[in-house]
Amino acid sequence: MTPPFDRDRLLDWMTAQGLSPLTRDHPPVFRVEEGLELKASMPGAHTKNLFLKDKKGAVWLVSARQDTVVDLKRLPRAIVSDRLSFGREELLWELLGVRPGSVTALALINDPDRRVTFVLDRALWEADVVNFHPLTNAATTALSQADFRAFLTMLGREPIVVDFADTEVGPRRLV
């Protein structure tokens, strides 16, 4: 098995592909609340990312805007999964090559077999700029929406876009 991408290899690869990632180093952050003042100085939508597994063994990566409420009891209906729980650290490393606290959509580069299904918040799908950890929680990488979508296309990934803001019905699958 090829070793997983790390931060430097990921950023070099993105640049070589014609993308323009803008990365800012900072102290490690483990929860959304920890980096609020740092994020305030960085334009764009900031994210929270959940690594989930359902009862039948399917694995999901959910990327949502940092202020989005992700209701894990209602989400399975929107993404057509069984009951969801957080995936184990060992599985996270095996499939995405990152540790807890560094979960990110950019880690999909470490899943060439596409074992992880990607779920994306509509608020991120529509944001002009999106910010993700570059496989480490000691930095944040900003990408234009065009670059983020190009990144996903290069990986052969089509996200399931979910409208988490629909509070009447609950999360609703859009794409």
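What you see is a predicted model; the values in this text were computed from it and never measured. (Residues numbered from 1 in each chain as written. Predicted model: local features only at pLDDT ≥ 70, side-chain atom pairs only at ≥ 80, totals over all residues. Heavy atoms only, no water.)

With respect to the nonpolar core
Counting 33 residues, the largest nonpolar core has Phe 51, Leu 96, Phe 148 and Phe 151 as its most contacted members. Elements represented by at least two residues in this core include exactly helix H1 (7–16), strand S2 (45–54), strand S3 (59–65), helix H4 (89–96), strand S5 (116–121), strand S6 (129–132) and helix H6 (145–154). Residue contributions to this core peak at four residues, all from H4. Look past the residues within four positions of Phe 148 in its chain and what remains in contact with it is Ala 105, Phe 118, Leu 120, Val 130, Phe 132 and Leu 143. Formed by 14 residues, the second largest nonpolar core is a distinct cluster that contains Ala 64, Val 70, Val 162 and Phe 164. (Core = buried A, V, L, I, M, F, W, Y, C linked by side-chain atoms within 4.5 Å. Buried < 20%, exposed > 50% of the residue type's maximum accessible area, 1.4 Å probe, protein only. Helix = DSSP H or I, 4+ residues; strand = E, 2+ residues; numbered from the N terminus. Contact = heavy atoms within 4.5 Å.)

Some thoughts on the side chain of Asp 163
Structurally, the position occupied by Asp 163 is in strand S8 (residues 160–163). Classification of Asp 163 as buried rests on a relative accessible area of 10%. A polar contact of 3.3 Å, which involves the side chain of Asp 163, links it to the side chain of Arg 122. One polar contact links the side chain of Asp 163 to the main-chain amide nitrogen of Ala 165, over a distance of 3.0 Å. (Polar contact = N/O pair within 3.5 Å; in protein donor to acceptor, adjacent residues only side chain to side chain.)

Overview of H4
Listed in full, the buried residues belonging to H4 are Leu 91, Leu 92, Leu 95 and Leu 96. The arc that holds the buried residues of H4, viewed along the axis, is 105 degrees, so those residues lie on one side. Among the structural elements, S2, S3 and S5 are those in contact with the buried residues of H4. Residue Gly 97 follows H4 closely and has a positive phi angle near 65 degrees. (Arc of directions from axis to C-beta.)

Considering H6
Gln 145, Asp 147, Phe 148, Phe 151 and Leu 152 are the residues of H6 that are buried. Take H6 and look down its axis: the buried residues cluster within an arc of 165 degrees, on one side only. Residues of H6 that are exposed and angled more than 90 degrees away from the buried face: Ala 146 and Thr 153. For H6, the secondary structure elements touched by its buried residues are H1, S5, helix H5 (122–125), S6 and strand S7 (139–144). Phi for Gly 156, located one or two positions after H6, is positive at around 70 degrees.

Digging into the pattern of salt bridges
Going through the model one piece at a time under the given rule, you end up with eight salt bridges. Across the salt bridge formed by Glu 90 and Arg 88, the nearest N and O atoms sit 3.5 Å from each other. Linking Arg 115 and Glu 94 is a salt bridge whose minimum nitrogen-to-oxygen distance equals 3.1 Å. Of this pair, Arg 115 sits in the loop between H4 and S5 while Glu 94 is found in helix H4, placing the two residues 21 residues apart along the sequence. What makes Arg 115 partly exposed here is its relative accessible area of 46%. Among the residues examined, Glu 94 registers a relative accessible area of 44% and is labelled partly exposed. (Salt bridge = Lys/Arg side-chain N within 4 Å of Asp/Glu carboxyl O.)

Quick word on the environment of Gly 156
Relative to the assigned elements, Gly 156 resides in the loop between H6 and S8. For the pair formed by Gly 156 and Pro 112, sequence separation is 44 residues and the distance between their alpha carbons is 9.0 Å.

Quick look at the pairing of S7
Within S7, five of the six residues are buried, leaving the element largely enclosed by the surrounding structure. Judged from the four bridges that link them, strand S1 (residues 22–25) and S7 form a sheet pairing that is antiparallel. Across the sheet, residue Thr 23 finds its bridge partner in S7, namely Thr 141. Looking at chain direction, S6 and S7 are connected through four bridges and run antiparallel. Across the sheet, residue Asn 131 finds its bridge partner in S7, namely Ala 142. (Pairing = 2+ DSSP bridges.)

Shape is all these values report; function is a separate question.
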